Amino acid sequence: PAVMGSMNAFLNWHKRPETPALYTSMHTEIDKFIKNANQAFKDNGYPLKLANWFSVWSMMYTTPGRYHWMLQYYMRDAGVALSWVGTGRCLFSLDWTEADYDELLKRMLRACSLMKEGGWWEEPKVNINMAVGKEFVVAIAKSIVGF
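Attention in this report is confined to the structure presented alongside it.

For helix H5 (residues 128–145), which comprises 18 residues, the first-to-last C-alpha distance of 26 Å matches the rise-based estimate of 26 Å (1.5 Å per residue) to within 8%. The N-cap of H5, judged by a side-chain oxygen 3.0 Å from the amide nitrogen of Met 130 a few residues on, is Asn 127. The first or second residue beyond H5 is Gly 146, which carries a positive phi of 100°.

Now the structure itself:
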């Protein structure tokens, strides 16, 4: 009953004539956030880029890196609690304001700054793909030989 009642309320709200404008406004704000964030990441030399499809968004790295996974801890420390498991897709809520998007960007930039200051985004001295591939082959060989 609770689910049916909630869905009924949502569907009735969704049919109201003013509802599409709320979604349009949300999508405009999200697109603006993504554009501003990507420009800020680029301007600061952070190897990060955001992409979205309406209110669904993801973070992608623009260069190979061994320690990108550590950004999640810097993000959490900056107050950005994202889902770091599964698909890696995030969702924006319809009730977010421009101030919410600004605060999120501020916190993300803080996390990225600390990540860079910590040296985790230094240019690799070797080809990352080759180095990881070599380690992978060595690990398999050791497991077969029994080291």
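This part covers the packing of aromatic side chains. The final tally for this structure, using the stated rule, is 13 aromatic pairs. Ring centres of Trp 53 and Phe 54 lie 5.0 Å apart, and the angle between their planes is 75°; on these two criteria the pair is classed as edge-to-face. Taking the relative accessible area as the measure of exposure, Trp 53 reaches 63% and is therefore exposed. Here Trp 69 and Tyr 73 contribute two aromatic rings whose centre-to-centre distance is 6.2 Å and whose plane-to-plane angle is 90°, an arrangement assigned as edge-to-face. Owing to a relative accessible area of 48%, Trp 69 belongs among the partly exposed residues under this scheme. Clustering of aromatic rings is evident, with ring pairs tying together Phe 33, Trp 57, Phe 92, Trp 96 and Tyr 101.

Between side chains of opposite charge, a pair can form when the charged atoms approach closely. Enumeration according to the criterion identifies 6 salt bridges in this entry. Across the pair Glu 18 and Arg 16 runs a salt bridge, and its minimum N-O distance is 2.6 Å. Judged by its relative accessible area of 37%, Glu 18 falls in the partly exposed class. A salt bridge links Glu 103 to Arg 107, with the shortest nitrogen-to-oxygen separation between them at 2.8 Å. A residue pair is termed a helical-turn pair when its members lie 3 or 4 positions apart in one helix, as Glu 103 and Arg 107 do in helix H4 (residues 98–117) at 4 residues. By sharing partners, the salt bridges in this structure join Glu 29, Lys 32 and Glu 98 into a single network.

For the rest of this paragraph, the subject is a nonpolar patch on the surface. Taken together, the side chains of Phe 136, Val 137, Ile 140, Ile 144 and Val 145 make up a nonpolar region of the molecular surface, amounting to roughly 530 Å² of accessible area. Structurally, Val 137 can be placed in helix H5.

On to the nonpolar core, then. Within the largest apolar cluster, 28 residues are counted, with the highest numbers of intra-cluster contacts made by Phe 33, Leu 50, Trp 57, Met 59, Leu 71 and Met 108. Those residues in contact with Met 108, other than ones at most four positions away along the chain, are Phe 33, Phe 41, Leu 50, Trp 57, Met 59, Met 75 and Val 80.

The next thing to look at is the packing of helix H2 (residues 19–43) against H4. Put simply, H2 and H4 touch, their axes get as near as 10 Å, and they point 25° apart. For the element pair H2 / H4, the angle class is roughly parallel. Our pair here, H2 against H4, has a crossing hand that is right-handed. Across the interface between the two elements, Met 26, Glu 29, Ile 30, Lys 32, Phe 33, Asn 36, Ala 37, Ala 40 and Phe 41 from H2 touch Glu 98, Tyr 101, Leu 104, Leu 105, Met 108, Leu 109 and Cys 112 from H4. Taken together, the residues that form the contact of H2 with H4 break down as 12 nonpolar, 1 polar and 3 charged.

Of the volumes computed, that of the largest pocket is approximately 380 Å³. Every residue lining the largest pocket is counted, 20 residues in all, and those nearest its centre are Pro 64, Trp 121, Glu 122, Glu 123 and Pro 124. When residues in the lining of the second largest pocket are grouped by element, the largest group, 4 residues, is from H4. The class makeup of the residues in the lining of the second largest pocket is 9 nonpolar, 1 polar and 3 charged.

What counts, and at which threshold
Residues take numbers from 1 onward in each chain, read along the sequence in its written order. Totals for whole chains, interfaces and linings use all residues, but because this is a predicted model, local features are given only for residues with pLDDT of at least 70 and pairs of side-chain atoms are given and counted only at 80 or more. In computing side-chain properties, one takes all heavy atoms of the structure into account and sets aside hydrogens as well as water. Here a strand is any run of E in DSSP of at least two residues, a helix any run of H or I of at least four, and the numbering for each starts at the N terminus. Residue count minus one, scaled by 1.5 Å, sets the expected span of a helix. Any pair of nitrogen or oxygen atoms within 3.5 Å is treated as a polar contact; in protein, a donor-acceptor pairing is required on top of that, and neighbouring residues in sequence qualify only through side-chain atoms on both sides. Any two of the Phe, Tyr and Trp rings considered here, Trp counted by its six-membered ring, make a pair once their centres fall within 6.5 Å; the pair's planes then place it as stacked at under 30 degrees, edge-to-face at over 60, or tilted in between. Burial classes: relative accessible area under 20% of the type maximum marks a residue as buried, over 50% as exposed, and values in between as partly exposed (1.4 Å probe, protein chains only). One speaks of a salt bridge when a side-chain nitrogen belonging to Lys or Arg is within 4 Å of a carboxyl oxygen belonging to Asp or Glu. Only residues whose relative accessible area exceeds 30% and that take part in no salt bridge are eligible for patches, with like-charged residues grouped when within 9 Å of each other and nonpolar side chains (Val, Leu, Ile, Met, Phe, Trp, Tyr) grouped when within 5 Å. Each accessible area is a Shrake-Rupley estimate made with a 1.4 Å probe; only the visible protein chains count as cover when residues are assessed. By convention a nonpolar core is built from buried Ala, Val, Leu, Ile, Met, Phe, Trp, Tyr and Cys residues, the set being connected through side-chain atoms within 4.5 Å. Here, two residues are considered to be in contact whenever any of their heavy atoms come within 4.5 Å of each other. Simply put, an axis is a line fit to the C-alpha atoms, just over the touching stretch for a helix, and the angle between two N-to-C directions goes from 0 to 180 degrees. In this scheme, roughly parallel covers angles under 35 degrees and roughly antiparallel covers those over 145, while 65 to 115 is roughly perpendicular and the rest are oblique. By definition, turning the near helix anticlockwise from the far helix through less than a right angle yields a left-handed crossing, and turning it clockwise yields a right-handed one. Under this grouping Gly is polar, as are all residues other than the nonpolar Ala, Val, Leu, Ile, Met, Phe, Trp, Tyr, Cys and Pro and the charged Asp, Glu, Lys and Arg. Grid points spaced at 1 Å over the protein atoms alone were grouped into cavities, where a 1.4 Å probe fits but cannot get out, and pockets, open sets with protein on both sides within 12 Å along at least five of seven lines, with lining residues defined by an atom within 4 Å of a point. Grid points are joined across faces, edges and corners, and a volume is the space filled by probe spheres set on the points.

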